[in-house]
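Working through the structure, step by step
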Amino acid sequence: MIPLKFERRDIVLILGLLLFMIGLIPFTTPVFAMIIVILMYFGIKIYVEKRKQSIQNDVGDGICMECGSAVSDQKCPNCDYAKE
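Residues numbered from 1 in each chain as written. Predicted model: local features only at pLDDT ≥ 70, side-chain atom pairs only at ≥ 80, totals over all residues. Heavy atoms only, no water.

Quick look at the overall build of the chain
- Scanning the chain for helices and strands turns up 3 helices and 2 strands.
- Its helices and strands in sequence order give the chain the pattern α-α-β-β-α, from N to C terminus.
- For 84 residues, the compact-globule formula gives about 12 Å, and the C-alpha radius of gyration of the chain, at 21 Å, lies well above that figure.
- Of the roughly 6800 Å² that the chain leaves accessible, carbon and sulfur atoms contribute 67%.
- Distance between charge centroids for the chain: 9 Å, based on 9 positive and 9 negative side chains. (Helix = DSSP H or I, 4+ residues; strand = E, 2+ residues; numbered from the N terminus. Rg over C-alpha atoms; globule rule 2.2 N^0.38 Å. Areas by Shrake-Rupley, 256 points an atom, 1.4 Å probe, with all protein chains shown as cover. Lys, Arg positive; Asp, Glu negative; His and termini not counted. Charge placed at Lys NZ, Arg CZ, Asp CG, Glu CD.)

Okay, structure coming up:
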């Protein structure tokens, strides 16, 4: 299960989706516009959380300041092995 925490930037997302819903109302009924916007909200939230987890897994212990690759076991795979 993906934890969907409410963050401050979600206010911008909600306001944008409300404006999108208002734009959809002339083309659909208000109920369908609300359903579409609610599905979009949770879809965006799930996508962002999965992307955040993916980046966290790729980064690992951190990023090397010299070359930008992921640090593992407190050593950079590119810079530290080149010195040895």
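A few points about the confidence of the model for the chain
- With 92% of its residues at a pLDDT of at least 70, the chain reaches an overall mean of 85.
- The least confident element of the chain is helix H3 (residues 79-83), whose mean pLDDT is 65; the most confident is helix H1 (residues 10-24), at 94. (pLDDT = per-residue confidence, 0-100.)

Some words on the packing of aromatic side chains
- All told, the structure shown has 1 aromatic pair when counted by the stated rule.
- With centroids separated by 5.3 Å and ring planes inclined at 75°, the aromatic side chains of Tyr41 and Phe42 adopt a geometry described as edge-to-face.
- A relative accessible area of 17% places Tyr41 in the buried class. (Phe/Tyr/Trp six-rings, centres within 6.5 Å; stacked < 30°, edge-to-face > 60°. Buried < 20%, exposed > 50% of the residue type's maximum accessible area, 1.4 Å probe, protein only.)

A closer look at helix H2 (residues 30-59)
- Over its 30 residues, H2 runs 43 Å from end to end, which matches the ideal 44 Å to within 8%, given 1.5 Å per residue.
- Looking at the packing, one finds that the buried side of H2 touches H1. (Expected span 1.5 Å × (residues − 1). Contact = heavy atoms within 4.5 Å.)

As for the nonpolar core
- Leu13, Leu17, Met21, Leu24, Ala33, Val37 and Tyr41 form the largest nonpolar core, which has 7 residues in total.
- When contributions to this core are tallied by element, the ones reaching two or more residues are H1 and H2.
- In this view, Leu17 contacts Val37, Met40 and Tyr41; residues no more than four positions away in its chain are not counted. (Core = buried A, V, L, I, M, F, W, Y, C linked by side-chain atoms within 4.5 Å.)

Some details on the side chain of Lys45
- Within the element layout of this structure, Lys45 appears in helix H2.
- By relative accessible area, Lys45 is classed as buried at 7%.

Considering the pattern of salt bridges
- Considering all chains together, one arrives at 4 salt bridges under this definition.
- For Glu49, the salt bridge goes to Lys52, with nearest N and O atoms at 3.8 Å. Here Glu49 and its partner Lys52 are both found in helix H2, 3 residues apart, which amounts to about one turn of the helix.
- Looking at Glu49, the relative accessible area reads 7%, which means it is buried.
- Relative accessible area serves as the criterion here: at 37%, Lys52 is assigned to the partly exposed category.
- Salt bridges linked by common partners bring Glu7, Arg9, Glu49 and Lys52 together as one network. (Salt bridge = Lys/Arg side-chain N within 4 Å of Asp/Glu carboxyl O.)

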